Amino acid sequence: MRVRFAPSPTGVLHIGGARTALYNWLLARGSGGTFILRIEDTDRERSTPENVDLILDGLWWLELDWDEGPYSQWERRDRHGEAIERLVAGGHAYEDEGAIRLRVPDEGETIVHDVIRGDIAFPHSAIDDFVIRRSDGGPLYNLAVAVDDLDMGITHVVRGDDHISNTPRQVMILRALGEEPPVYAHLPLLHGPDGKKLSKRHGAASVQDLRAAGYLPEAVRNYIALLGWGYDESTTFFTTEELIRHFDLARVSRNPAVFDEQKLRWMNGRYLRELDPEDLRRRLEELFGRPVPPEAVAISQEKMQTLADFWPLAGFLVERGPFDEKAWDKVMRDSGPERLRAAREALEDADPFDVERVEVALRGVVERLGVKPKDVFQPVRVAITGTTVSPGIFESVAALGREETLARIDEALQKASADG
Ligand code: GLU
């Protein structure tokens, strides 16, 4: 099997493109075949080197390595020119006002055999003699794709549904060159949960967005593999090795698939919880570009769905965020400071300063004052994190350590008395 991913660098790598790349990669890896990367940069106005970099970077991040390429379609324009000359010499194409057109018979039809969609017939009466070379000499898109697929020995063309209407033209070009077309498989469109075509509106739209939002590449691979393919009715989690072993085109659906970021979040959370804490710490440091203490990982691993959730959850261990005014007003008015002072005294004596002792100390304060647990816990939370949202209060306090906890409580008490 020789397959290719052929993105146009007129934009970044979107989720649909990533799925196309993944499916091709899985086919190559599962069959001992070859995965080729071809950059379709013939649109000189809209193709940019920045987009090429973003596409390569996105593929690297997803760990979809290629065996050949990246080839530049633009740099192969001499080959396209040679093919056009052959078509003209063979009587399959002719010049028309400086442009060159492929001759399409008036009668009959071209049948595209598609593994996913079955046979699709395109009557020739609906296809005019189409331009394969512009009058300025530039080869047209369908010509370039057909010639490249031929030269690169592509056996299976797996790409988005939006290319179906191009396919009969590519087949005609290949046949006119005396070759049989490859096997085609057109993947179903991606929709958002609202049934509309997938776009930025539905959340993360590009691979870069997914990365910045703190998804793990292995979770993304698992999730997007299921956008249009399934092994059976129920299996949701697949390691990459399992995907390579099980993936096949026969089980790709022809119906639109739904990209639901909430499902991806859920799946990503499962992957995160299974990571070795040291591995997770390394990934967090990579994403945030700053050191992350192991205690911070320990208290947040169970609660994160994405790496980006880490900072709001455990960032307080690195530095306390600014006091959230609303939270402050709510928990520090009336007897808040008094309870905080009582908590401080109890924590000062907790020894060793571990989760268990911290819990005993704080619950003791609750009992002694005859208040609700949150009346004590929330002021402590605001004092150490700046907000009322944090992982478990005992875990948080223990992870922060006695010295820093007391220092932050003192700071909060000072602010409280300054506020009057
Ligand atoms: N360059 C096309 C795109 O980015 C893909 C062409 C193909 O796979 O044949 O949509």
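Now for a description of the structure that goes with this document. Since this is a predicted model, take the numbers as computed values, not measurements. Along every chain, residues carry numbers that run from 1 in the direction the sequence is written. Where totals are concerned, whole chains, interfaces and linings use all residues; where local detail is concerned, this predicted model gives features only for residues with pLDDT of at least 70, and gives and counts side-chain atom pairs only at 80 or more. Only hydrogens and water are removed before side-chain values are computed, so all heavy atoms of the structure are retained for them.

1. Section: the overall build of the chain
Argument step 1. A helix here means a DSSP run of H or I that spans at least four residues, while a strand means a run of E at least two residues long, and both kinds are numbered starting from the N terminus. The helix and strand inventory of the chain stands at 18 helices and twelve strands.
Argument step 2. As defined in this context, the radius of gyration uses C-alpha atoms, and a globule is described by 2.2 Å times the residue total to the power 0.38. Over its C-alpha trace the chain gives a radius of gyration of 30 Å, far above what one expects of a compact globule, namely 22 Å for 420 residues.
Argument step 3. Expressed along its principal axes, the backbone C-alpha trace of the chain runs to roughly 95 × 45 × 35 Å.
Argument step 4. Any pair of residues with heavy atoms lying within 4.5 Å of one another is described as a contacting pair. For the chain, the proportion of contacts with a sequence separation of at least 24, taken over those separated by at least 6, is 72%.
Argument step 5. Each accessible area value is a Shrake-Rupley result obtained with a 1.4 Å probe; residue values ignore everything except the protein chains displayed when judging cover. For the chain, the accessible surface area stands at approximately 19900 Å², while carbon and sulfur atoms represent 48% of it.

2. Considerations on unusual backbone geometry
Argument step 1. Cis peptide bonds are those with omega within 30 degrees of zero, and the linkage from Gly69 to Pro70 qualifies with 0°.
Argument step 2. With respect to the element layout, Pro70 can be found in strand β3 (residues 68–72).
Argument step 3. Of the consecutive residues Asp351 and Pro352, the connecting peptide bond is found in the cis state with omega at -5°.
Argument step 4. Looking at the secondary structure, you find Pro352 in the loop between α14 (336–349) and α15 (355–369).

3. A closer look at the pattern of salt bridges
Argument step 1. By salt bridge we mean one thing: a side-chain nitrogen of Lys or Arg within 4 Å of a carboxyl oxygen of Asp or Glu. Following the criterion strictly, the structure yields 35 salt bridges and no others.
Argument step 2. We note a salt bridge from Asp41 to Arg44, for which the minimum N-O separation is 3.9 Å.
Argument step 3. Each residue gets one of three labels from its accessible area relative to the maximum for its type: buried under 20%, exposed over 50%, partly exposed in between, using a 1.4 Å probe on protein chains only. Classification of Asp41 by relative accessible area gives buried; the value is 10%.
Argument step 4. Residue classification places Arg44 among the partly exposed residues on the basis of a relative accessible area of 43%.

4. Some remarks on the sheet that holds strand β5 (residues 99–102)
Argument step 1. Ordered by their spatial adjacency, three strands build an open sheet running β4-β5-β8, and the pairing between neighbours is antiparallel. Where the open sheet ends on each side, the last strands, each with one partner, are β4 (93–96) and β8 (130–133). When the angles between neighbouring strand axes are averaged without regard to direction, this sheet yields 45°.
Argument step 2. The sheet contact formed by β5 and β8 spans three bridges and is antiparallel. When the sheet's bridge partners are listed, Ile100 is paired in β8 with Arg133. When DSSP finds two or more bridges between a pair of strands, those strands are recorded as paired. Fitted lines through C-alpha atoms give the axes, limited to the stretch in contact for helices. The angle between two N-to-C directions lies from 0 to 180 degrees.

5. Looking at the nonpolar core
Argument step 1. Within the largest apolar cluster, 98 residues are counted, with the highest numbers of intra-cluster contacts made by Leu59, Leu347 and Leu362.
Argument step 2. Among the elements that make up this core, the one with the highest residue count is helix α1 (residues 15–31) (nine residues).
Argument step 3. Counting 28 residues, the second-largest nonpolar core is a separate cluster that includes Leu102, Ile120, Phe122 and Ile132. Here, the term nonpolar core denotes a set of buried Ala, Val, Leu, Ile, Met, Phe, Trp, Tyr and Cys residues that are joined through side-chain atoms within 4.5 Å.

6. Details of the environment of Ile299
Argument step 1. Tracing the sequence through the fold places Ile299 in helix α11 (residues 294–300).
Argument step 2. According to the relative accessible area criterion, Ile299 is buried, its value standing at 12%.
Argument step 3. In this view, Ile299 contacts Ala314, Phe316, Leu317, Pro391, Glu395, Ser396 and Ala399; residues no more than four positions away in its chain are not counted.

7. Observations concerning the site of the ligand
Argument step 1. One heavy atom suffices: a residue is near a molecule or strand as soon as one of its heavy atoms comes within 4 Å of it. Around the ligand, the neighbouring residues are Arg4, Ala6, Pro7, Ser8, Glu40, Tyr141, Val145, Arg159 and His163.
Argument step 2. The contact in question runs from a nitrogen atom of the ligand to an N or O atom on the backbone of Ala6, over 2.7 Å.
Argument step 3. In the analysis that follows, any N or O atom pair within 3.5 Å is treated as a polar contact, provided that within protein one partner can donate a hydrogen and the other can accept it, and provided that, for residues neighboring in sequence, both atoms belong to side chains. His163 places a side-chain nitrogen or oxygen 2.8 Å from an oxygen atom of the ligand.
Argument step 4. Lining residues are defined by having an atom within 4 Å of a point belonging to a cavity or pocket. Those points lie on a 1 Å grid over the protein atoms alone, cavities being sets where a 1.4 Å probe fits but cannot get out and pockets being open sets with protein on both sides within 12 Å along at least five of seven lines. Whether a molecule lies in a cavity or pocket depends on its atoms, and more than half of them have to be within 2 Å of the grid points. One can see that the ligand is located within the largest pocket.
Argument step 5. Its residues placed into classes, the shell around the ligand shows four nonpolar, two polar and three charged. Amino acid classes used here: Ala, Val, Leu, Ile, Met, Phe, Trp, Tyr, Cys and Pro are nonpolar; Asp, Glu, Lys and Arg are charged; the rest, including Gly, are polar.

8. A short note on the pairing of strand β2 (residues 34–39)
Side chains on a regular strand alternate between the two faces of the sheet.
Argument step 1. For β2, the buried fraction is high: six of the six residues fall into the buried class.
Argument step 2. Across the two faces of β2 the burial is the same, with Thr34, Ile36 and Arg38 and Phe35, Leu37 and Ile39 all buried.
Argument step 3. Of the pairings in the sheet, the one linking strand β1 (residues 2–5) to β2 comprises four bridges and is parallel in character. Looking at β2, one finds that Arg2 is bridged to Thr34.
Argument step 4. We call a crossover right-handed when, viewed with both strands directed away from the observer, the connection leading from the first strand over the helix to the second proceeds clockwise. For the crossover from β1 across α1 to β2, the handedness is right-handed.
Argument step 5. In terms of strand pairing, β2 meets β3 through three bridges, oriented parallel. Within β3, the residue paired with Arg38 across the bridge is Tyr71.
Argument step 6. Crossover connection from β2 via helix α2 (residues 49–61) to parallel β3: handedness right-handed.

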